[in-house]
Amino acid sequence: MERSKVLITYTTMSGSTQEIAEFVSNQFTYLGQPVELHPCSEIKDLKAISGIVIGAPIYMFHLHKEAHRFLQRHQKSLVDLPVAVFAGGAYGPNAAQDALEVRKNLDNELAKFVWLKPVSVLLVGGRFDPARLRFPYNLIPALKQAPASDARNWEDIHAWVDSLPSLLANPIQQTLVEERSRS
Ligand SMILES: Cc1cc2nc3c(=O)[nH]c(=O)nc-3n(C[C@H](O)[C@H](O)[C@H](O)COP(=O)(O)O)c2cc1C
């Protein structure tokens, strides 16, 4: 089976990571790159996939658990595929200052998967919307009363996505395709 599609996969609690994943998917399509877009939890196998973009939010200093599960479940396939990662985190007036610490959290989380060598990692700002809080965070009065904010920088995200097709071009797969076309 020829691998030709990039998989954009994500996990989200309040929707902001999903919106970024949709943006990434639309931009890849615009660039002429075939993609599939699915939540991490729905991915059964990576048979037809030539590269992956995975997005997940950071909650309580950790990448969302569904992203951990995805990486564990698909380790065998992922070691041979180029993987790009984006993660949403800090929001509010201190988002820019907090980003350095959050980046350390993110790098520590990814380092738990010693076999994972992402071709690119982007930390994006987070969005906070008290109306979208999910259990158990919707039970915390201070969070429910906190103001909404959105620190996602769409220009940065756009520039990152434009850099991905060449980074995700899988040299192993390209070699196979070239060898096949020669024989
Ligand atoms: C209860 C709670 C805890 C959070 N913990 C962190 C954190 O430890 N580090 C961080 O950078 N962002 C943290 N965030 C911000 C989220 O990562 C951010 O809002 C993100 O955009 C949410 O993504 P989602 O809408 O896809 O769920 C937290 C947000 C909430 C509501």
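Above this text is the structure in question.
Residues numbered from 1 in each chain as written. Predicted model: local features only at pLDDT ≥ 70, side-chain atom pairs only at ≥ 80, totals over all residues. Heavy atoms only, no water.

### Observations concerning the overall build of the protein
So, step 1. When helices and strands are tallied, the protein shows seven helices and eight strands.
So, step 2. A compact globule built from 183 residues should have a C-alpha radius of gyration of about 16 Å, and the protein, at 17 Å, falls within 12% of that.
So, step 3. In terms of overall dimensions, the protein has C-alpha extents of about 65 × 30 × 25 Å along its principal axes.
So, step 4. Buried residues in the protein amount to 43% of all 183 residues.
So, step 5. Approximately 10200 Å² of the protein is accessible, and the part contributed by carbon and sulfur atoms is 55%. (Helix = DSSP H or I, 4+ residues; strand = E, 2+ residues; numbered from the N terminus. Rg over C-alpha atoms; globule rule 2.2 N^0.38 Å. Buried < 20%, exposed > 50% of the residue type's maximum accessible area, 1.4 Å probe, protein only. Areas by Shrake-Rupley, 256 points an atom, 1.4 Å probe, with all protein chains shown as cover.)

### Some points on the pairing of strand β5 (residues 83–88)
So, step 1. In terms of burial, β5 is a largely internal element, six of the six residues being buried.
So, step 2. In β5, alternate side chains face the same way, and those of Val-83, Val-85 and Ala-87 on one face and Ala-84, Phe-86 and Gly-88 on the other are all buried.
So, step 3. Sheet topology places β5 next to strand β6 (residues 120–124); five bridges connect them, and they run parallel. Counted as the bridge partner of Ala-87 is Leu-123 from β6.
So, step 4. Remark: the β5/helix α4 (residues 95–111)/β6 crossover connection has right-handed handedness. (Pairing = 2+ DSSP bridges. Right-handed = clockwise from strand over helix to strand, strands pointing away.)

### Let's talk about empty space enclosed by the protein
So, step 1. Scanning all chains against the criterion turns up one cavity of 30 Å³ or more.
So, step 2. Lining the largest cavity, in full, are Ile-54, Gly-55, Ala-56, Leu-63, Ala-67, Leu-71, Val-85, Phe-86 and Leu-110.
So, step 3. For the lining of the largest cavity, the element with the highest residue contribution is strand β3 (residues 49–59), accounting for three residues.
So, step 4. For the lining of the largest cavity, the residue count by class is eight nonpolar, one polar and no charged. (1 Å grid on protein atoms, 1.4 Å probe; cavity = no way out; pocket = protein on both sides within 12 Å on 5 of 7 lines; lining within 4 Å. Points joined across faces, edges and corners; volume = space filled by probe spheres on them. Nonpolar A, V, L, I, M, F, W, Y, C, P; charged D, E, K, R; others polar.)

### Focus on the site of the ligand
So, step 1. Surrounding the ligand, one finds 22 residues, the nearest of these being Thr-12, Thr-17, Ile-58, Tyr-59 and Phe-61.
So, step 2. A distance of 2.7 Å separates an oxygen atom of the ligand from a polar atom in the backbone of Arg-127.
So, step 3. The pocket occupied by the ligand, as judged from atoms lying within 2 Å of grid points, is the largest pocket.
So, step 4. Secondary-structure elements contributing two or more residues to the shell around the ligand are α1 (16–30), β3 and β7 (127–128). (Near = heavy atom within 4 Å. Polar contact = N/O pair within 3.5 Å; in protein donor to acceptor, adjacent residues only side chain to side chain. Sits in = over half its atoms within 2 Å of the grid points.)

### A few points about the packing of aromatic side chains
So, step 1. Tallied over the entire structure, the rule returns five aromatic pairs.
So, step 2. With a centroid separation of 6.1 Å and 75° between ring planes, the pair formed by Phe-113 and Trp-115 is classed as edge-to-face. Here the two residues Phe-113 and Trp-115 agree in accessibility, since each one is buried. (Phe/Tyr/Trp six-rings, centres within 6.5 Å; stacked < 30°, edge-to-face > 60°.)

### Considering α4
Spacing of three or four residues puts side chains on the same side of an α-helix, whose turn is 3.6 residues.
So, step 1. For α4, built from 17 residues, the straight-helix expectation of 24 Å at 1.5 Å per residue is met to within 8% by its first-to-last C-alpha distance of 23 Å.
So, step 2. Of all bends in α4, the biggest is about 35°, found at Glu-101.
So, step 3. Inspection of α4 places Ala-95, Val-102, Asn-105, Leu-106, Glu-109 and Leu-110 among the buried residues, and these make up the whole buried set.
So, step 4. Next to the buried residues of α4 lie β3, β4 (62–63), α2 (65–73), β5 and β6. (Expected span 1.5 Å × (residues − 1). Bend = angle between axes of the 7 residues up to and from the residue. Contact = heavy atoms within 4.5 Å.)

### As for the pattern of salt bridges
So, step 1. This model, assessed by the stated rule, comprises 10 salt bridges.
So, step 2. Here Asp-129 ties to Arg-132 by a salt bridge, and the two come within 3.1 Å at their closest N and O atoms.
So, step 3. Each member of the salt-bridge network shares a partner with another, and the members are Glu-19, Arg-127, Asp-150 and Arg-152. (Salt bridge = Lys/Arg side-chain N within 4 Å of Asp/Glu carboxyl O.)

### Section: α1
So, step 1. With 15 residues, α1 should reach 21 Å at 1.5 Å per residue; the first-to-last C-alpha distance of 21 Å fits that figure.
So, step 2. Regarding α1, the residues found buried are Ser-16, Thr-17, Ile-20, Ala-21, Val-24, Ser-25, Gln-27 and Phe-28.
So, step 3. Directly after α1, the chain includes Gly-32, whose backbone phi takes a positive value near 85°.

### Structural notes on the packing of α1 against helix α6 (residues 154–168)
So, step 1. For the pair α1 and α6, the least separation of the axes is 10 Å and the interaxial angle reads 50°. Judged on the interaxial angle alone, α6 and α1 are oblique. For the pair α1 and α6, the crossing hand works out as right-handed. Counting all contacts with α1, which are made through Glu-19, Ile-20, Phe-23, Val-24, Gln-27 and Phe-28, the residues of α6 involved are Trp-154, Ile-157, His-158, Val-161, Asp-162, Leu-164, Pro-165 and Leu-168.
So, step 2. Of the residues contributing to the contact of α1 with α6, the split by class is 10 nonpolar, two polar and two charged. (Axes fitted to C-alpha atoms, helices over the stretch in contact; angles between N-to-C directions. Parallel < 35°, antiparallel > 145°, perpendicular 65-115°, else oblique. Left-handed = near helix turned anticlockwise from the far one by under 90°.)

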